[in-house]
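Residue-level structural notes
Okay, here's what each chain looks like letter by letter:
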Amino acid sequence: ENTSTPERNGDDESDEEVVWDGDYEISDEATLADLAGYSRVAGSLIVEGALAGLPGLEALRRVDRDIIVRNNEFLADVGGLSGLVAVGTIEVRGNALLPSLAGLGGLAAVDADFTVEANPALATLGGMSALRGIGGALVIADNPALVGIDGLDALEEVASTFWISGNAALVT
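Throughout this document, residue positions are counted from 1 along each chain, in the order its sequence is written. Local features in this predicted model are restricted to residues whose pLDDT is 70 or higher, and side-chain atom pairs enter the listing and the counts only when it is 80 or higher, whereas totals over whole chains, interfaces and linings include all residues. To get the side-chain values, all heavy atoms of the structure are used, and hydrogens and water are removed first.

**Let's talk about the overall build of the chain**
Just so we agree on the cut-off: Under the scheme used here, helices are H or I runs from DSSP no shorter than 4 residues and strands are E runs no shorter than 2 residues, and both carry numbers assigned from the N terminus. Only the C-alpha atoms count toward the radius of gyration. The rule for a globule is 2.2 Å times the residue count to the power 0.38. Contacts are residue-level and defined by heavy atoms, with any inter-residue pair within 4.5 Å sufficient. Shrake-Rupley sampling with a 1.4 Å probe provides the accessible areas, and residues are treated as covered by the protein chains on show and by no other component. Charge counting follows a simple rule: Lys and Arg are positive, Asp and Glu are negative, and His as well as the terminal groups are ignored. Note that the charge is assigned to NZ on lysines, CZ on arginines, CG on aspartates and CD on glutamates.
Broken down by element type, the chain carries one helix and 13 strands. Mapped in sequence order, the helices and strands of the chain form the string β-β-β-α-β-β-β-β-β-β-β-β-β-β. Taken over C-alpha atoms, the radius of gyration comes to 16 Å for the chain, in line with the 16 Å a tight globule of 172 residues would show. Counting only C-alpha atoms and orienting by the principal axes, one finds that the chain spans roughly 50 × 35 × 20 Å. Within the chain, contacts between residues at least 6 apart in sequence are counted, and of these 36% link residues at least 24 apart. Split by element, the accessible area of the chain, about 7600 Å² in all, is 49% carbon and sulfur. Side-chain charges of the chain comprise 8 positive and 29 negative groups, with the mean position of each set lying 3 Å from the other.

Printed below as a string of structure tokens:
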């Protein structure tokens, strides 16, 4: 169950940080709406359910630990995460209709691992132009429709393993 009192930091409303203190799980429209307006999750964020998109999360800038977007059979857009700049670990796995990661265009740093695995409709990593560094491993595996990884053009460092495997349509 998601229970937290917002922690507000900042001198005025324009730079105020609204923090969810702990882990948060989004499983439906109600739990999605409850996180709207938060700028940081001081824990992990799990998105797993019957969601088509993630509207209302545009204020979210940081997830301190893991962000896991998995097993969402209707998720077709992660655009609600467009404000996300930094995460601990990110895992995008088992999202049947997700065609791209374009909604992660503001993501500049992943402190640990970044895994993109088993997303049958994922055709491109395009739109991730801000990602400069990954502090752990980068795993891109078993995405049968993936035709290119050109969305990672700005990536300067992967501190551990860079693993690409089982992406049948990959040409670059």
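**Some points on unusual backbone geometry**
If a residue is not glycine, its phi is most likely negative; likewise, a peptide bond is most likely trans. We apply this condition: Here the term buried applies to any residue with accessible area under 20% of the maximum for its type, exposed to any over 50%, and partly exposed to those in between, with areas from a 1.4 Å probe on protein chains only.
Backbone geometry at N71 places phi at a positive 55 degrees, although glycine is not the residue there. Along the polypeptide, N71 turns up in the loop between strand 6 (62-70) and strand 7 (86-93). A residue is classified by how much of its surface remains accessible, and N71, at 45% relative accessible area, is partly exposed. Even without glycine at this site, A118 takes up a positive phi of about 60 degrees. Mapping A118 onto the fold places it in the loop between strand 9 (114-117) and strand 10 (133-134). Take A118: its relative accessible area is 32%, and that puts it in the partly exposed class.

**A short note on the pattern of salt bridges**
Test applied: The term salt bridge refers to a pairing of a side-chain nitrogen on Lys or Arg with a carboxyl oxygen on Asp or Glu at a separation within 4 Å.
Here the structure, examined in full by the defined rule, presents eight salt bridges. For D23, the salt bridge identified is with R65, shortest N-O distance 3.5 Å. With D23 in the loop between strand 2 (17-21) and strand 3 (24-26) and R65 in strand 6, the pair connects residues that are 42 residues apart, well separated along the chain. With a relative accessible area of 41%, D23 lands in the partly exposed category. A salt bridge links E117 to R93, with the nearest nitrogen and oxygen atoms 2.3 Å apart.

**Considerations on the side chain of S44**
We apply this condition: Any N or O atom pair separated by 3.5 Å or less is treated as a polar contact, with the protein-specific requirement of one donor-capable and one acceptor-capable atom, and with residues adjacent in sequence counted only for side-chain atom pairs.
By the element assignment, S44 lies in the loop between strand 4 (40-42) and strand 5 (45-47). Among the polar contacts listed, one links the side chain of S44 to the side chain of R65, at a separation of 3.4 Å. Residues within four places of S44 in sequence aside, it is in contact with G22, D23, Y24, V63, R65 and D66.

**Points about the packing of aromatic side chains**
Here is the rule we go by: Between 30 and 60 degrees the pair is tilted, below 30 it is stacked and above 60 it is edge-to-face, where a pair is any two Phe, Tyr or Trp rings, Trp via its six-membered ring, whose centres lie within 6.5 Å.
Following the criterion strictly, the structure yields two aromatic pairs and no others. Centroid distance W20 to Y24: 4.7 Å. Interplanar angle 85 degrees. Geometry classified as edge-to-face. An identical accessibility class is assigned to W20 and Y24; each is buried. For the pair W20 and Y38, a centre-to-centre distance of 5.5 Å together with 70 degrees between the ring planes defines the contact as edge-to-face. Taken as a pair, W20 in strand 2 and Y38 in the loop between helix 1 (29-34) and strand 4 lie far apart in primary sequence, 18 residues in all. Like Y38, W20 is buried. Members of the aromatic cluster, connected to one another through ring pairs, are W20, Y24 and Y38.

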